[in-house]
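Residue-level structure breakdown
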Amino acid sequence: METQLKEVTILFAGDSGDGIQLTGGQFTDTAAQLGNDVSTFPNFPAEIRAPIGTLAGVSGFQLKFGSVNIYTPGDECDVMVAMNAAALKANLSTLKKGGIIIANESGFDSKNLRLAKYDEGANPLENHSLEDYEVHKVDVTKLTREALKDSGLGQKEMDRSKNMFVLGFVYWIYNRSLDNSINFISTKFGKKPELRDANIAVLKAGYHFGDTAEAFSTRYEIGPAPLPKGTYRTINGNQAIGLGLIAATQKAGLELFYGSYPITPASSLLHELAKHKNFGVKTYQAEDEIAAICSAIGASFGGALGVTGSSGPGIALKGEALGLAVILEIPLVVVNVQRGGPSTGLPTKTEQADLFQALYGRNGEAPLPVIATRSPADCFETTIEACRMAVEHMTPVILLSDGYIANGSEPWKFPQAKDIPVITPPMAKEKLNGSTEEFLPYKRDDKLVRKWALPGMKGLQHRIGGIEKENETGNVSYDPDNHEFMTKLRAERIEKIAEYLPKLEIDNGPEKGDVLILGWGSTYGSIKTAVRDLLAEGQEVSHAHLRHVHPLPKNLGEILKNFKHVLIPEMNMGQLVQIIRSKYLIDAIGLNKIKGMPFSSSEIKNKVVELI
Amino acid sequence: METQLKEVTILFAGDSGDGIQLTGGQFTDTAAQLGNDVSTFPNFPAEIRAPIGTLAGVSGFQLKFGSVNIYTPGDECDVMVAMNAAALKANLSTLKKGGIIIANESGFDSKNLRLAKYDEGANPLENHSLEDYEVHKVDVTKLTREALKDSGLGQKEMDRSKNMFVLGFVYWIYNRSLDNSINFISTKFGKKPELRDANIAVLKAGYHFGDTAEAFSTRYEIGPAPLPKGTYRTINGNQAIGLGLIAATQKAGLELFYGSYPITPASSLLHELAKHKNFGVKTYQAEDEIAAICSAIGASFGGALGVTGSSGPGIALKGEALGLAVILEIPLVVVNVQRGGPSTGLPTKTEQADLFQALYGRNGEAPLPVIATRSPADCFETTIEACRMAVEHMTPVILLSDGYIANGSEPWKFPQAKDIPVITPPMAKEKLNGSTEEFLPYKRDDKLVRKWALPGMKGLQHRIGGIEKENETGNVSYDPDNHEFMTKLRAERIEKIAEYLPKLEIDNGPEKGDVLILGWGSTYGSIKTAVRDLLAEGQEVSHAHLRHVHPLPKNLGEILKNFKHVLIPEMNMGQLVQIIRSKYLIDAIGLNKIKGMPFSSSEIKNKVVELI
Amino acid sequence: MSTAEATLGSPNLTSKDFATDQDVRWCPGCGDYSILKQVQTVMAETGLSKEEIVFISGIGCAARFPYYMDTYGIHSIHGRAPGFASGLKSVRPDLSVWVVSGDGDCLSIGGNHLIHALRRNFNLNLLLFNNEIYGLTKGQYSPTSPKGTITGSTPYGSIDTPFNPLALSLGAGGSFIARSMDRDPKHLRETLLKANTHLGTSLLEIYQNCNVFNDGAFFTYTDKGTKAQSTLFLESGQPLVYGENGSKGIKLDGFKPVIVSLEEGASKDELWVHDEHDKVKASILTGFFEHYQDENSLPRPFGVIYQEDRPQYQELMSEQIEQTKKAKGEGDLDALLSGSSTWIID
Amino acid sequence: MSTAEATLGSPNLTSKDFATDQDVRWCPGCGDYSILKQVQTVMAETGLSKEEIVFISGIGCAARFPYYMDTYGIHSIHGRAPGFASGLKSVRPDLSVWVVSGDGDCLSIGGNHLIHALRRNFNLNLLLFNNEIYGLTKGQYSPTSPKGTITGSTPYGSIDTPFNPLALSLGAGGSFIARSMDRDPKHLRETLLKANTHLGTSLLEIYQNCNVFNDGAFFTYTDKGTKAQSTLFLESGQPLVYGENGSKGIKLDGFKPVIVSLEEGASKDELWVHDEHDKVKASILTGFFEHYQDENSLPRPFGVIYQEDRPQYQELMSEQIEQTKKAKGEGDLDALLSGSSTWIID
Ligand SMILES: Cc1ncc(C[n+]2csc(CCOP(=O)(O)OP(=O)(O)O)c2C)c(N)n1
Ligand SMILES: Cc1ncc(C[n+]2csc(CCOP(=O)(O)OP(=O)(O)O)c2C)c(N)n1
Ligand code: SF4
Ligand code: SF4
Ligand SMILES: [Mg+2]
Ligand SMILES: [Mg+2]
């Protein structure tokens, strides 16, 4: 029997050593390549390697794929693969009533049950506690070993490929071809043919198990999604930022310098960039976050695009130098991949609570643009925009992402290099021999942007620094009126950037009405899904999503006026909502979740229904 | 002839080497001791020792004293003492039309004129450029030398006491006795009788010069001000904070630990505290601001009151550790003596632009109380309040002062030690032998305050840290619901502090009306003066001043409702005003000055008049 | 004996008493387990009671340490542990304060606090868990990783010359500088005890295997096959002897350390005799830092390399207060508030 | 010669060409004036043109330096100058990059950046203006102030053991370590030139008199009366001779430096011969750090104490990029964007 489905959410869960992330990643790629839309949410344990079999050691990979547009990795799961007892216990609450559980039987032996802290003698696969679900027990370990009994591999090595069994089986259920994964395995184990063959054998064994096992009578069919035509790949957030940085600097004709200090969940951006040295990218692992941002500013002074990235606590350390970059009026991109706070907080969880820090975490009046990305694929374009702003407006820019975006992945219709618009650095011109014109480093064009004069340029020697500068000359000035003038000018030149930005558009829903949901950052997918569903249910609700948090789009006030209620969901205690209330004096209300996890679309739907 | 005056503003100005600050300080003390109210504003050059005679090297000391209450050092000056040409040039704009200039003739020789960048050949004392003023040329240098011709001192030493001549002369004009300064000189030069005698002789010479010089026909009489009865002293802001810290810790029975790193204008607080080691105060000049705040947190963990102080750029560096203190729920006082920003900014000038940094300059949701002092003498009480809050509510507290308050001084009716209320640290109780009760470091009382368990206390060993903590046990917890619970709890326990605070009162003016001026921090004096004058002129205007910026007083909303307009003057681009607009959804408007200088009361008056 | 030890009785505890109820969450096989065990054992041996001990750490795998010690503890922020410890020791000289820090925590972001702690000489014990890698953030190279280390952040190999942590500590003015390793429990315990006994800031570098991201970084020094050849265990007053059955020794040819074979004629009398108090010799010993390759390589020294008695910061701090009290009298709040010049309005 | 020097012509500038139109605002008599003058002179001697030189400083009196040099410059934030310089040198190996930093800037708040710069070995020149005080903030003690220094923040005397900046730099792995002073213009110029010539991070400590807050801190070494006795000017390959008319020398008794009188029989042949490349000797020389008291005190060494050739960071960085380009081919943006696995929806 084959059933047609529009969308399915699967959670692969197991011990951190079980290869869960790889399994999930493979399924994602295959689904995407078959034309589904996909969204993923990997969920790592906080420990590097928590003891095997424990709750603390559970690793999860949730993904949603469908024949419709997919914006989130799903609220509740339809299917859960549990490689051991701890995986089941830790994740059962996210499984839909009636959902399918595929349980690896040997992961439920007495030792595993004890480690998962099940009551003595209680095995969920055997008592009736899972009656609300459709449970399929599969002895993955045994079946894997059997599939490999002639492989000549040791038992430990055999067991390492049991994730392939599960993957094969799930491919069978959803009627997916094995080709993509076979290719992947062939490349990955190219130099170890015995492992390549073993993994392929097990993958196939899992697939054939579907054919032979009686338990599963149903297979599902999920057709391709109505995605725009084009060439696609899957990408995660930090990868996309990395690619965006490289693309932007190439388009600006600038060298890319990335100064950073490792921190979860920003480290993988450093890793990504470090790979691409053949693009001339210079990555620099500094001694700390302060040195990292200072090195980036130094690089920008030298005519590269200096970029630094970190997460909350590291960004806190950059505040002082960021203030300097503001007064220097120098290009700089600061990426904050936000995580749960305060302090060390929840390093492996996501949150949006650093917006205020981005806007205000510096001494004195130090305004700068803050822009936020909404999804893994969106990172690419948003990053290019951050770079464009930094370079063309000679200013530090903060780009906000978060852990959810950084690790999540989705299909990305990537552009061709030639179609990415060029970025134009406002380079100063070297003085000609004999010229007596005085060079004024703080003289501005009509965008209020000063020129970028690089060491090596003849006759443009100048000194910049953190003491208040005289208008135009840039010399140190203690003059009271000049200070007020410059303070206002620095604010104005950032505000002015809004003039060069597109108008904010309603993403979905009517232009006027009862409720506008105004979002920023990674809440995009949840809001989008909620609004789509609500509209389908005949409710009147609209959605607008901010990429530009500062300066705000010029037409935001007009948009807001057209709605009775403005709802602002944020994964914090209400930060954007405070800005909006203050600026537009409207009674915008917040919907706040501070659980280190994205909103489910139903949380948003419920709130909207409550409002209407 | 004697004229009765209500208030006078004098500016002493000269080269940094001219002893201007001492002269101003002496006049202040004498005026205060004779019952006048006084307010002062020392204005240092940015350089340690700018070249003698230049504009950059001018040092000023402005003071206002009167027989009425005095709240600011005055908008415009009635009298200006100019020890050299540069001093005149730099300050002329602050002198009232018709004001008196006492000019030291020998400071206007051709060299001085050139250094002051007067046009070639132009001497303001000789051309007609000062026609709008009453100019008195006195050859202070010559007269001083004459007074000392028999002293046996060398010329350089003689010249060093010329400030005493001026002081004596100004005492004569305002009919002040020399006794206070003679006492001061006697103590200061106790071990150098020849200098003591010389300084006294010159002081007297200056005084007698008034009697003999024909030019000055008028002397002024300024009676005592209607100050509350009591014993007074003069005090500046940083001194008062230092004394407040010592008093508070004594009243709490705690050791005071001050970890800091020098920075203008906060350094003098370190200096002040370092003097008082006989109070058991431990001062620690750390390697940087980060180490400074960490050492203070460590000291608090040990059961002392840890305090750290800095100014803008240094506070920026403390953000990460401050977030830790928030999640540790540990007492800590952070003093920010604000200066002009951004970045290095204007180190010797004043500003209020770090309010946002105080509220939001940390990663994640990290709420803490922010309180602001309004004047030098107010620093004492506000500091005690900051300490009380930190200790009794187990929280870091930010105390905002600024350069204007730090260096300014005024009479202070100081309390008796016994009248300062006791502070009660919520100490945990050591476990009795045999007790099996589990110690819960994050269990709270009804103020939501946890107990302070100190190393050394038996049976209370516990570990605290920056990762999210489980409610009550304080153990590391990655549980999503717990994170939301704790985040809200941390916000709530700070909000709750408002319940223990007095209601905000209208400082001056009616309870309802057209315009409320809502201020915070050092704008107090300017607003107070403006409102007093406006009320005297029959205008309807009221003034309320916030000490507690976060949490805000519980009754603030009610107060705001009673006024048609709310005006918020700030020495920044509008920070409190944003908070008020957002929280109360009223169209509060800002009056902003970013010149590194306090508001003049007329600036505020004009704005009010415009509003009415 | 530290102040703390001197003034407090021995509560007869065992290493188990120092364990907490928290699950230890390092990777199975991590060298941190052994260090934890030895520290717990040593704590029991010191005779200190649990409540007078404080463990302070930064962030990293190593920095999880305080959670596993049933003493007071702070798991602070990355790199800053010495800052917290300095403030704590200032106000509580009675406590036994231990800092636990990884090589990234201590030498990368925390390098400044380390060198200032060493120069000031608070009576602290700093344990540097050196695994030559960033464990917690999943394996980037650290300031102690050898040049060429391939990691996530250096896919083509690191280009940084690593620190020599003991040379740095010596240059910073450290008063106690020692090295030990996770896989020699006895030596580790002995060295921990010496660090504890030293009055001043004790810097103890502990080679620690990160079996997940940098497995085997120190196997040369810990594996049976190579250990004897590659390690030199220092004993104060003893000649520098090492090798299989003590077959080798080191003598000085001018400033140049030379390996001699005691089996082939060299005598112990000509050998360099270890003197913990000799700073020049200590600097030569910290210079034994080339990677071990064959029998011609100088062995890596373990044990106390340098020790010097100099005043402890927290004592100087307290003394100054006592002296000021003596000179000016115990502070009187009323006198302080009134200052030197007052007037009365009535 | 640095890369910058090698590739660029000599524009025949004089020291005056390096002055800016800004008023110099140090206190009259400040030692910084002399240093400025010598640096301007040396700049002219290097043959570098103005636009290829960058001066980067932190905050402090010393840190005002860039404003007075008609080159490119950044007056950055307190303690972080090496950070800016590292980033700049990474992307612009062609520039001649100079860092100017006071003792507080460089060794207090900036200590970590200093030691990491030294270990990495970018081709930078770090000038440490040591006046043993915080000038700009009006005279607090610094990490180089002698114990007991009375200042605003230490009215009863400082209790911190100061850093020995050159010992610290050596311990951190510095490849060029030297000392000079404001009041010996010729020596200062020579040493500046050597620092400039060294390929790697050159650390030059310059004793600088702060006549306002710490007048005379180095008078022993600069005053005619005592200079000869208290200073030792090092020359590579030359014996350690000093004193009035070169009357004294230093020889080594084991590791112990001993003062001998060349007038009373000792011969130059027995003297220690300076070898800039000998690290052990360098560490003994940095140990000449006791305060000079009488003729039995060891003199303070000036000149290049240590020098070592090792790879420069910015070159390794560029090389790695070149190698990767060779191995993988010049990056192709379209290939990067498409990655290894794509599909088409049509
Ligand atoms: C301010 C800040 N920057 C970065 C991090 C991320 N971080 C945590 S631990 C660590 C380094 C860990 O290495 P190490 O100190 O050697 O300890 P190990 O894990 O190897 O024991 C880093 C970079 C952080 N927590 N805080
Ligand atoms: C983050 C920060 N902390 C503190 C200061 C204040 N500050 C400026 S310069 C300085 C120290 C100056 O001493 P040094 O570096 O020795 O330079 P000098 O003035 O003696 O030349 C300090 C503490 C600052 N500007 N920024
Ligand atoms: S990552 Fe390495 S250091 Fe960290 S716990 Fe695992 S093995 Fe130990
Ligand atoms: S304070 Fe000292 S270092 Fe600073 S300019 Fe004046 S004399 Fe020079
Ligand atoms: Mg490590
Ligand atoms: Mg200095």
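Residues numbered from 1 in each chain as written. Chains lettered and ligands numbered in written order. Predicted model: local features only at pLDDT ≥ 70, side-chain atom pairs only at ≥ 80, totals over all residues. Heavy atoms only, no water.

**Observations concerning the relation of the copies chain B and chain A**
Note on the identical chains: chain B maps onto chain A by a rotation of 180° and an axial translation of 0.0 Å, with an RMSD of 0.0 Å. Both chain copies can therefore be described as sitting about a two-fold axis. Most of the interface of chain B is mirrored in chain A, where 98% of its interface residues are also at the interface. (Least-squares fit on C-alpha atoms with pLDDT ≥ 70 in both. Contact = heavy atoms within 4.5 Å.)

**Side note on the interface of chain B and chain A**
At the junction of the two partners, chain B supplies 62 residues and chain A supplies 61 residues. Taken together, the two surfaces of chain B and chain A that pack against each other cover about 5200 Å², and 62% of this comes from carbon and sulfur. The interface formed by chain B and chain A holds two salt bridges in total. Residues A:Asp481 and B:Lys595 are paired through a salt bridge, measuring 2.6 Å at the closest nitrogen-oxygen approach. If you look at where chain B meets chain A, you find 28 residue pairs in polar contact (both at pLDDT 80 or more). Secondary-structure elements contributing two or more residues to the side of chain B that touches chain A are α12 (312–328), α13 (355–360), α16 (480–495) and α19 (576–584) of chain B. Examining the composition of the side of chain B that touches chain A, we find that nine residues originate from one element, α12(B), more than from any other. Broken down by class, the residue content of the side of chain B that touches chain A amounts to 23 nonpolar, 22 polar and 17 charged. (Buried area = accessible area lost by both parts, 1.4 Å probe. Salt bridge = Lys/Arg side-chain N within 4 Å of Asp/Glu carboxyl O. Polar contact = N/O pair within 3.5 Å; in protein donor to acceptor, adjacent residues only side chain to side chain. Helix = DSSP H or I, 4+ residues; strand = E, 2+ residues; numbered from the N terminus. Nonpolar A, V, L, I, M, F, W, Y, C, P; charged D, E, K, R; others polar.)

**Overview of the pairing of strand β6 (residues 95–104) of chain B**
All names here are of chain B. With seven of ten residues buried, β6 is to be regarded as a mostly interior element. Relative to β6, strand β5 (residues 77–82) runs parallel, the two sharing five bridges. Counterpart to Met80 in the pairing with β6 is Ile101. In terms of handedness, the path from β5 via helix α2 (residues 85–91) over to β6 forms a crossover that is right-handed. Bridge analysis of β6 against strand β7 (residues 134–138) gives five bridges, and the strand direction is parallel. Bridged to Ile100 within β7 is Glu134. With helix α3 (residues 110–115) bridging β6 and its parallel neighbour β7, the resulting β-α-β unit is right-handed. (Buried < 20%, exposed > 50% of the residue type's maximum accessible area, 1.4 Å probe, protein only. Pairing = 2+ DSSP bridges. Right-handed = clockwise from strand over helix to strand, strands pointing away.)

**What about the coordination of the magnesium ion (ligand 5)?**
Residue and element names in this part refer to chain C. Protein ligation of the magnesium ion (ligand 5) involves Asp103 (OD), Asn131 (OD1) and Ile133 (O), the donor distances falling in the range 2.0 to 2.1 Å. All donors to the magnesium ion (ligand 5) come from one chain, and their sequence spacing reads D-x27-N-x1-I. One end of the pair, Asp103, is in helix α4 (residues 103–109); the other, Asn131, is in the loop between β4 (125–130) and α6 (165–171), with 28 residues separating them in the sequence. (Donors = N, O, S within 2.8 Å, 3.2 Å for Na, K, Ca; no water.)

**Some points on the coordination of the magnesium ion (ligand 6)**
Residue and element names in this part refer to chain D. In the first shell of the magnesium ion (ligand 6), the protein supplies Asp103 (OD), Asn131 (OD1) and Ile133 (O), at 2.0 to 2.1 Å from the metal. Linear spacing of the donor residues for the magnesium ion (ligand 6) on their chain is D-x27-N-x1-I. Taking the relative accessible area as the measure of exposure, Asn131 reaches 7% and is therefore buried.

**Things to note about the site of ligand 2**
Around ligand 2, the surrounding shell holds 21 residues, and the nearest of these are B:Glu289, D:Cys61, D:Asp103, D:Gly104 and D:Asp105. In this structure, ligand 2 sits where chains A, B and D come together, each supplying nearby residues. B:Glu289 places a side-chain nitrogen or oxygen 2.4 Å from a nitrogen atom of ligand 2. Taking D:Asn131, its side chain carries an N or O atom lying 2.9 Å from an oxygen atom of ligand 2. A total of 580 Å² of accessible area belongs to ligand 2 in isolation, and the protein chains cover 99% of it. Considering each element in turn, the shell around ligand 2 owes the most residues, three residues, to helix α4 (residues 103–109) of chain D. Residues belonging to the shell around ligand 2 are distributed by class as follows: ten nonpolar, seven polar and four charged. (Near = heavy atom within 4 Å. Areas by Shrake-Rupley, 256 points an atom, 1.4 Å probe, with all protein chains shown as cover.)

**Section: the nonpolar core**
By size, the foremost hydrophobic cluster in this structure holds 340 residues, and its most contacted members are A:Leu518 and B:Leu518. Excluding anything up to four places from it in sequence, B:Leu518 contacts B:Ala544, B:Leu546, B:Leu556, B:Leu560, B:Val566, B:Leu567, B:Ile568, B:Pro569, B:Leu576 and B:Ile580. (Core = buried A, V, L, I, M, F, W, Y, C linked by side-chain atoms within 4.5 Å.)

**Quick notes on the sheet that holds strand β15 (residues 396–402) of chain B**
All names here are of chain B. Read across the open sheet, the seven strands follow the order β11-β10-β12-β13-β15-β14-β21; overall the sheet is mixed. Here the strands that pair on one side only, and so sit at the sheet edges, are β11 (282–285) and β21 (548–550). Averaged over all pairs of adjacent strands, the angle between their axes in this sheet comes to 20°, without regard to strand direction. (Axes fitted to C-alpha atoms, helices over the stretch in contact; angles between N-to-C directions.)

**Description of the interface of chain A and chain D**
A common measure of how large an interface is: the accessible area buried when the components associate. Facing the 70 residues of chain A at the interface are 58 residues of chain D. Both sides together, the interface formed by chain A and chain D hides about 5400 Å², and carbon and sulfur atoms give 62% of it. Run the count over chain A and chain D and you get two salt bridges. D:Arg120 serves as the salt-bridge partner of A:Glu287, at 2.9 Å between the closest nitrogen and oxygen. Counting across the chain A and chain D interface gives 30 residue pairs in polar contact (both at pLDDT 80 or more). The set of elements that each furnish at least two residues to the side of chain A that touches chain D consists of α1 (20–33), β9 (230–236), α9 (237–252), β11 (282–285), α11 (289–301), α12 (312–328), β16 (409–413) and β17 (463–465) of chain A. Partitioned by chemical class, the residues of the side of chain A that touches chain D number 37 nonpolar, 22 polar and eleven charged. Direction of pairing for β9(A) relative to strand β12 (residues 343–345) of chain D: antiparallel, over a ladder of three bridges. In the sheet register, A:Tyr232 faces β12(D), and the bridge partner there is D:Trp343.

**As for the site of ligand 1**
What surrounds ligand 1 is a group of 21 residues, the closest being A:Glu289, C:Cys61, C:Asp103, C:Gly104 and C:Asp105. More than one chain approaches ligand 1, the contributing ones being chains A, B and C. Here an oxygen atom of ligand 1 sits 2.9 Å away from a polar atom, N or O, in the main chain of C:Ala62. Computed on the free molecule, ligand 1 has an accessible area of 580 Å², of which 98% lies beneath the protein chains in the complex.

**Examining the side chain of A:Ser401**
All names here are of chain A. Take Ser401: it is sitting in strand β15 (residues 396–402). Given a relative accessible area of 2%, Ser401 falls into the buried group. Other than its neighbours up to four places away in sequence, Ser401 contacts Ile241, Asn336, Val337, Gln338, Thr373, Cys379 and Ala406.

**Here we look at the packing of aromatic side chains**
Residue and element names in this part refer to chain A. Under the defined criterion, the tally for this structure stands at 70 aromatic pairs over all chains. When the ring of Phe169 is compared with that of Trp172, the centres are 6.4 Å apart and the planes differ by 5°; the resulting orientation is stacked. Highlighted residues: Phe169 and Trp172, both in helix α6 (residues 162–173), separated by three residues, approximately one helical turn. No difference in accessibility class separates Phe169 from Trp172, as the two residues are buried. (Phe/Tyr/Trp six-rings, centres within 6.5 Å; stacked < 30°, edge-to-face > 60°.)

**Describing the domain arrangement of chain A**
Residues and elements named next belong to chain A. Along its sequence, chain A is organised into domain 1 (2–221), domain 2 (233–419) and domain 3 (506–611). Its C-alpha centre places domain 1 at a distance of 34 Å from the equivalent point of domain 2. With 16 residues of domain 1 at the interface, the matching set in domain 2 holds nine residues. A per-residue breakdown of the area domain 1 buries against domain 2 is headed by Thr40, Phe41 and Phe44, which together make up 36% of the total. Our enumeration of links across domain 1 and domain 2 arrives at zero salt bridges. The interface formed by domain 1 and domain 2 includes three residue pairs in polar contact (both at pLDDT 80 or more). Residue assignment for the side of domain 1 that touches domain 2 shows that the elements contributing at least two residues are α1 and β3 (37–43). Broken down by element, the side of domain 1 that touches domain 2 gets its largest block of residues, seven residues, from β3. (Domains from an automatic or database assignment.)

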